[in-house]
Amino acid sequence: MAIGRPGRLAALIISLAGAIGSPALGADLTAREITERLFHADPAKPADFSRMDLQELDMSGLDFKGARLTGSDLFGADLTGSNLSKVDLSSARLDRVVIIGVRFDGANLAGASLLRPSGYSSMQALSSEAASFIGTDLRGAKIFGRFNRANLRGADLTGATLAPFGRTGFIEHIWRSELLGADLSDAKLSGADLTYTLLAFSNMRGADLRGAVLKNADLSHADLTGADLTGADFTDADLDGAILTDARGFETALGLASAHNVDKVVR
């Protein structure tokens, strides 16, 4: 039986009413349900969203209060302005998330995937919008994207990979991980793969780069004062104006014969 105009309008209203508060396609919870759980949570009993499908949810502005999200799937979620400090996101999928102004300080992202997040509202990459990863556990994480001017002071990126993962970068205006002007002071980067990574003007004072792979990385004017460079691989890296005052292990570094602007290093 054909539905008349009033009938179609009623059907549309019912459809919209059912959609409000419903989960994003495939998500296990709605943003409202997550908000309610976080409201009732406390540090002694944090909310547990482990291994849940939370794809494409709008969770902007939420305080996660140290929640557990181990192994959760947050693909495409909007986390703008959220506080994820001390949250357990180990082995979580954070690909394509929006992380403008997000705090991950002290969080556990070991083994997590953070590929191509949206970290800025424009191509300018304002420092006021950069995510904060102070003291964050990123051991073994897969990371790729724009993290310019982000704060990773004291973060643990041991064995993490920031090298390109695919061939679509040129289409998406990014072909390498970018940490231009980022704060990586006292960060642990031993064994990390930083191939092609843009690290120009970054603060890497006191960083542990033992055995790190820096092939084709741009370290121009980076401050590596007091850093440990023992066994690091600088093959085809750009060291123009890099500051290596009191840096340790540079004489054991690999690939210096093919590195660019070694003669312009400040020691």
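Residues numbered from 1 in each chain as written. Predicted model: local features only at pLDDT ≥ 70, side-chain atom pairs only at ≥ 80, totals over all residues. Heavy atoms only, no water.

**Student:** In this structure, what is going on with the pattern of salt bridges? I would like to understand it.
**Tutor:** When the charged atoms of two side chains lie near each other, side chains of opposite charge can form a pair. The final tally for this structure, using the stated rule, is 11 salt bridges. With its nearest N and O atoms 3.6 Å apart, the salt bridge here joins Arg93 to Asp95. Of the residues examined, Arg93 reaches a relative accessible area of 31% and is grouped as partly exposed. With a relative accessible area of 10%, Asp95 lands in the buried category. (Salt bridge = Lys/Arg side-chain N within 4 Å of Asp/Glu carboxyl O. Buried < 20%, exposed > 50% of the residue type's maximum accessible area, 1.4 Å probe, protein only.)

**Student:** Explain the confidence of the model for the protein here, please?
**Tutor:** The predicted coordinates should not be examined in detail at positions where pLDDT is low. In the predicted model, the protein carries a mean pLDDT of 90, and 87% of its residues have values of at least 70. Segment residues 5–22 is flagged for pLDDT under 50; beyond a separation of four residues in sequence, or across chains, it makes 3 contacts in the model. Confidence over residues 167–171 falls short of pLDDT 50; this stretch has 5 contacts with residues more than four positions distant or in other chains. (pLDDT = per-residue confidence, 0-100. Contact = heavy atoms within 4.5 Å.)

**Student:** Help me out: how do you make sense of the packing of aromatic side chains in this one?
**Tutor:** Two measures describe an aromatic ring pair: the distance that separates the ring centres and the angle between the ring planes. Counted by the stated rule, this structure contains 4 aromatic pairs. Ring centres of Phe104 and Phe133 lie 4.9 Å apart, and the angle between their planes is 10°; this geometry places the pair in the stacked category. Placement of Phe104 in the loop between α2 (31–40) and β1 (113–115) and of Phe133 in the loop between β1 and β2 (142–144) is noted, with a sequence separation of 29 residues between them. The two residues Phe104 and Phe133 agree in class, both being buried. Assessed through its relative accessible area of 2%, Phe133 is described here as buried. (Phe/Tyr/Trp six-rings, centres within 6.5 Å; stacked < 30°, edge-to-face > 60°. Helix = DSSP H or I, 4+ residues; strand = E, 2+ residues; numbered from the N terminus.)

**Student:** Could you clarify how one ought to interpret the environment of Gly66 in this entry?
**Tutor:** Mapped onto the secondary structure, Gly66 falls in the loop between α2 and β1. Assessed through its relative accessible area of 23%, Gly66 is described here as partly exposed. Considering only alpha carbons, one finds Gly66 and Pro46, 20 residues apart in sequence, at a separation of 6.1 Å. Residue contacts for Gly66: discarding those within four places in its chain leaves Pro46, Ser85, Lys86 and Val87.

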